[in-house]
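As a plain string of letters, each chain reads:
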Amino acid sequence: MIETPKLNHTEAPYELVKTMRASVLTLGPLMARVGVARVSLPGGCAIGARPVDLHLKALEQMGAEIGTSHGYIEAKVRGNGHQGRRLKGARIVFEKITVTGTENILMAAALADGETVLRMQRGAGSDDLVAMLRKMGAEICGDGTATLRIRGVEELHGAEHTVIPDRIEAGTFCWRGPLLAGI
């Protein structure tokens, strides 16, 4: 079980996230919960450069001010001196497939003021997150389609959820397994 009733830090430092591209997924939840975030630019992708510009553009549409400095994404809700202000619902169109972008905005929109309409090219991976967020009290409809509607709620609560198997993780183990075994 993971519990975080209070956050002590709003930073995902380089030392912790340098080897994992998915670390950028801390940005949306931090912005949703406290309105500020400092997240190291992601690394660890063997495919090569995988930009996060679509994530940042979508968060800006929701009222975030975003900049980069010394290898970090620095974001805050517009007008927010430190913490407390919330993102606003928006109409967001992802013109390219971005599974992590969709997931980041889903998590941010779950606690935003108002409704977020998210149109995206279909990609695998977000339906399980929708199911988990619903268990936590999020109001989301449209899963399985190219348009999700997320009505922000005041708060989310705990839930029990088993994460589905992931084809990318399976492929990683197949590829790295023989290397790790010395074959």
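Notes on the structure in this doc start here.

Let's talk about the nonpolar core
- Core analysis: the biggest nonpolar cluster contains 40 residues, and L27, L59, M62 and L87 have the highest contact counts within it.
- Considering each element in turn, this core owes the most residues, five residues, to helix 4 (residues 99–109).
- When near neighbours in sequence (up to four residues on either side) are disregarded, L59 contacts L27, A64, I66, L87, I105 and A108.

Observations regarding unusual backbone geometry
- For H70, which is not glycine, the phi dihedral falls at a positive 50°.
- You can call H70 exposed: its relative accessible area is 76%.

A word on the packing of aromatic side chains
- This model, assessed by the stated rule, comprises zero aromatic pairs.
- In this arrangement the basic side chain of R38 is found over the ring face of Y72, its NZ or CZ atom lying 3.8 Å from the centre.

Things to note about the sheet that holds strand 1 (residues 11–12)
- Strand order in the open sheet made by the four strands is 1-2-4-3, with mixed pairing throughout. Both edges of this open sheet fall to strand 1 and strand 3 (64–69), since each of them pairs with a single strand only.
- Here strand 2 (residues 36–40) pairs with strand 4 (residues 72–77) via five bridges, running antiparallel. Counted as the bridge partner of A37 is A75 from strand 4.
- Where helix 2 (residues 27–34) meets the sheet, it contacts strand 2, strand 3 and strand 4, and its direction lies at approximately 160° from that of strand 2.

Digging into the sheet that holds strand 8 (residues 147–151)
- Here we have four strands laid out as an open sheet, ordered 5-6-8-7, and mixed in their pairing. Two strands close off the open sheet at either side, each with one partner strand: strand 5 (91–93) and strand 7 (139–141). Strand-to-strand, the axes of this sheet are offset by a mean angle of 15°, without reference to chain direction.
- Where strand 7 lies against strand 8, three bridges are found, and the strand directions are antiparallel. From the neighbouring strand, I140 faces strand 8, where its bridge partner is I150.

Procedures and definitions
- Residues numbered from 1 in each chain as written.
- Predicted model: local features only at pLDDT ≥ 70, side-chain atom pairs only at ≥ 80, totals over all residues.
- Heavy atoms only, no water.
- Core = buried A, V, L, I, M, F, W, Y, C linked by side-chain atoms within 4.5 Å.
- Buried < 20%, exposed > 50% of the residue type's maximum accessible area, 1.4 Å probe, protein only.
- Helix = DSSP H or I, 4+ residues; strand = E, 2+ residues; numbered from the N terminus.
- Contact = heavy atoms within 4.5 Å.
- Phe/Tyr/Trp six-rings, centres within 6.5 Å; stacked < 30°, edge-to-face > 60°.
- Lys NZ or Arg CZ within 6 Å of the ring centre and 35° of its normal.
- Pairing = 2+ DSSP bridges.
- Axes fitted to C-alpha atoms, helices over the stretch in contact; angles between N-to-C directions.

Everything listed is a geometric property; what it means functionally is a separate question.
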